[in-house]
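Each chain is listed here by its residues.
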Amino acid sequence: MVLEGNPEVGSPQTSGLRHPGNKGSCVLSSPREDAQPGEEPIKYGELIVLGYNGCLASGDKGRRRSRLALSRRPHANGVKPDVMHHISTPLVSKALSNRGQHSISYTLSRSHSVIVEYTHDSDTDMFQIGRSTENMIDFVVTDTSPGGGAGEGPSTQSTISRYACRILCDRRPPYTARIYAAGFDASSNIFLGERAAKWRTPDGLMDGLTTNGVLVMHPAGGFSEDSAPGVWREISVCGNVYTLRDSRSAQQRGKLVENESNVLQDGSLIDLCGATLLWRTPAGLLRAPTLKQLEAQRQEANAARPQCPVGLSTLAFPSPARGRTAPDKQQPWVYVRCGHVHGYHGWGCRRERGPQERECPLCRLVGPYVPLWLGQEAGLCLDPGPPSHAFAPCGHVCSEKTARYWAQTPLPHGTHAFHAACPFCGAWLTGEHGCIRLIFQGPLD
């Protein structure tokens, strides 16, 4: 590709762009090129979308799913910065017409653009995430609505970018994964228009932010029983870490956080302004409960034969195979304010406060009265503890440490707000703690 220099800067400029820390377009999990027949591919990690409890309502299909494993590809497809060109804008279309050449275009003014060419990186695999269903997107993500209503179809109001972000994974141990804002489009380009936040770095290179931004939060203490929420940061197109902007789409960037990196850790949260993803490492998934363990806990809870303290009927959590349909006769229900578990009944309504408001017959507290559902996405759980707590007001059940962690983790919402939400359905949490301890009554015989 031959690019002319920008008249404003005198002669043509082409400068080397070797970024030692920025390694970083697309296919799903594939066997290793050196794998033996029947051998499992090397897994870099898994992405789990919050709010779906194990599966999309319409079922996981192809690249549109609630969970995706990223594994080593047969051949590396990563890219890395190579050279930078200063050009006049009329030449931008010519520069971006080569689909075999990955590039990022920064429009500085009507008469000045900077194009950074990327070259093949044999040491990394690249995976792209976004709303677009085009082939270069590995993981198609759509907006998740608070309250368990997931917008799985196309939406004209979606705030998720078509090419939201990309993750580059080292093909050699320890298989480090790094996240970058923006993904390459069908022409292998990333285009930051005149209104996008962009700037020249102290070393003369370029960087920028996407319209609604890509936010990342790394948990303190890893994703384990001792975890605590970390601080939300914004990731730039080149993978640098910044404090949050005043609003999600403000043109003024935050401050550079030099002592933090874009390396994903077990339990890192990635927010795409409309959906939030959880990154789990292979080592972290080994510590997480399995579906078999969750089923054993369900059967153990049912074997205790909990009873409704008023109707004296035996309660039982339904099988996951039933899905979240209408509650059956044995479904446990809970008074969200106090945690007393009952079977379903029609008395105690306080319609002046809303259709779900009921008065607990045991303690007289008035609040939502909802059915209990077991959390079935094991990757969202911090430990394999017993299902002793429920999120308020949705009624999803999990271990105490899992419930308390998510109840104190603020998730981005809109351009300014943060809300703690149930990881299994996305409902905003309410009450003093966001979750309650369940109080069961055992059998009287």
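Fair warning: this is a prediction, and the values are worked out from it, not measured in the lab.

Chemist: So what exactly am I meant to see when it comes to the packing of aromatic side chains here?
Modeler: Between two aromatic rings, the relevant description is the distance of the centres plus the angle of the planes. This structure, assessed with the given rule, holds 13 aromatic pairs. Residues tyrosine 118 and phenylalanine 184 carry aromatic rings whose centres are separated by 5.7 Å and whose planes lie at 70° to one another, so their mutual orientation is edge-to-face. Here the residue tyrosine 118 occupies a position in strand S6 (residues 112-121), and phenylalanine 184 occupies one in the loop between strand S10 (177-181) and strand S11 (189-192), the gap between them amounting to 66 residues. Per residue, the accessibility class of tyrosine 118 equals that of phenylalanine 184, and both read buried. Relative to tryptophan 406, the ring of tyrosine 405 lies with its centre 5.3 Å away and its plane at 80°, an arrangement referred to as edge-to-face. Each member of the pair, tyrosine 405 as well as tryptophan 406, is classed as buried. Put simply, the rings of Trp333, Tyr335, Tyr344 and Tyr369 pair up and form one aromatic cluster.

Chemist: Any chance you could explain the confidence of the model for the protein chain here in plain terms?
Modeler: The pLDDT averaged across the protein chain works out to 84; a share of 82% of its residues lies at or above 70. For the stretch residues 1-34, pLDDT sits under 50, and the model shows 109 contacts to residues farther than four places along the chain or on other chains.

Chemist: What should I look at first to understand helix H3 (residues 291-303) in this one?
Modeler: Three or four residues apart is the spacing at which side chains of an α-helix point the same way, because the helix has 3.6 residues per turn. Taking 1.5 Å per residue, 13 residues should reach 18 Å; H3 reaches 18 Å between its end C-alpha atoms and fits that length. Listed in full, the buried residues belonging to H3 are Leu294, Gln297, Arg298 and Asn302. All buried residues of H3 project into a common sector of 135° when viewed along the axis, lining one side. Residues of H3 that are exposed and point over 90 degrees away from its buried face: Lys292, Glu300 and Ala303. Residues of H3 that are buried in the fold lie against strand S23 (373-374). One or two residues past the end of H3 sits arginine 305, with phi positive at roughly 50°.

Chemist: How should I be thinking about the nonpolar core in this particular structure?
Modeler: A general tendency of soluble globular proteins is for nonpolar side chains to be buried together. Counting 47 residues, the largest nonpolar core has Ile167 and Ile270 as its most contacted members. Not counting the four nearest positions on each side in its chain, isoleucine 270 is found in contact with Leu47, Ile167, Ile179, Val214, Leu215, Val216, Leu264, Ala275, Thr276 and Leu277.

Chemist: Would you mind going over the sheet that holds strand S9 (residues 165-170) with me for this structure?
Modeler: Across a sheet, strands are paired by hydrogen bonds formed along the backbone, either parallel or antiparallel in direction. Taken together, four strands build an open sheet; the order of strands is S8-S7-S9-S10 and the sheet is mixed. Looking at strand neighbours, the two that pair on one side only are strand S8 (139-140) and S10, the edges of this open sheet. In the sheet, strand S7 (residues 124-130) pairs with S8 via two bridges, with the strands oriented parallel. Considered in S8, the bridge of glycine 130 is made with valine 140.

Chemist: Can you help me understand a nonpolar patch on the surface in this one?
Modeler: Together, Val310, Trp347 and Leu362 line one region of the surface with nonpolar side chains, adding up to about 270 Å² of accessible area. Here valine 310 shows up in the loop between H3 and strand S19 (333-335).

Chemist: It is not clear to me how the pairing of S10 should be interpreted in this structure. Could you clarify?
Modeler: Within a regular strand, side chains alternate between the sheet's two faces. S10 sits mainly inside the fold: five of its five residues count as buried. Here S10 shows no split at all, with Ala177, Ile179 and Ala181 on one side and Arg178 and Tyr180 on the other all buried. Taken together, the five bridges between S9 and S10 define a ladder with antiparallel strand orientation. The residue of S10 that forms the bridge with isoleucine 167 is isoleucine 179. Once S9 ends, the chain turns through six residues before running back antiparallel as S10, passing tyrosine 175 with a positive phi of about 55°.

Chemist: Explanation requested: the sheet that holds strand S15 (residues 232-235) in the structure shown.
Modeler: Read from one edge to the other, the open sheet built from seven strands follows the order S3-S2-S18-S17-S14-S15-S16, with strand pairing classed as antiparallel. Sheet topology places strand S3 (67-71) and strand S16 (241-242) at the edges, where each strand pairs with a single neighbour. Relative to strand S18 (residues 276-280), strand S2 (residues 43-49) is paired through four bridges, and the arrangement is antiparallel. Following the sheet pairing, leucine 47 is matched in S18 by tryptophan 279.

Chemist: Explanation requested: the pattern of salt bridges in the structure shown.
Modeler: If the charged atoms of two oppositely charged side chains come close together, the side chains can form a pair. Under the defined criterion, the tally for this structure stands at 16 salt bridges. The partner of arginine 404 in a salt bridge is glutamate 400, with the nearest N and O atoms 3.1 Å apart. Residue arginine 404 and its partner glutamate 400 are both found in helix H4 (residues 400-407); the two are separated by four residues, about one turn of the helix. A relative accessible area of 37% means that glutamate 400 is categorised as partly exposed.

Chemist: Looking at this model, I keep getting lost on the side chain of serine 236. Mind explaining?
Modeler: Looking at the secondary structure, you find serine 236 in the loop between S15 and S16. A residue is classified by how much of its surface remains accessible, and serine 236, at 0% relative accessible area, is buried. Of the polar contacts made by the side chain of serine 236, one reaches the side chain of aspartate 207; its length is 2.8 Å.

The rules behind these values
- Residues numbered from 1 in each chain as written.
- Predicted model: local features only at pLDDT ≥ 70, side-chain atom pairs only at ≥ 80, totals over all residues.
- Heavy atoms only, no water.
- Phe/Tyr/Trp six-rings, centres within 6.5 Å; stacked < 30°, edge-to-face > 60°.
- Helix = DSSP H or I, 4+ residues; strand = E, 2+ residues; numbered from the N terminus.
- Buried < 20%, exposed > 50% of the residue type's maximum accessible area, 1.4 Å probe, protein only.
- pLDDT = per-residue confidence, 0-100.
- Contact = heavy atoms within 4.5 Å.
- Expected span 1.5 Å × (residues − 1).
- Arc of directions from axis to C-beta.
- Core = buried A, V, L, I, M, F, W, Y, C linked by side-chain atoms within 4.5 Å.
- Pairing = 2+ DSSP bridges.
- Patch = residues over 30% accessible without salt bridge, like charges linked within 9 Å, V, L, I, M, F, W, Y side chains within 5 Å.
- Areas by Shrake-Rupley, 256 points an atom, 1.4 Å probe, with all protein chains shown as cover.
- Salt bridge = Lys/Arg side-chain N within 4 Å of Asp/Glu carboxyl O.
- Polar contact = N/O pair within 3.5 Å; in protein donor to acceptor, adjacent residues only side chain to side chain.

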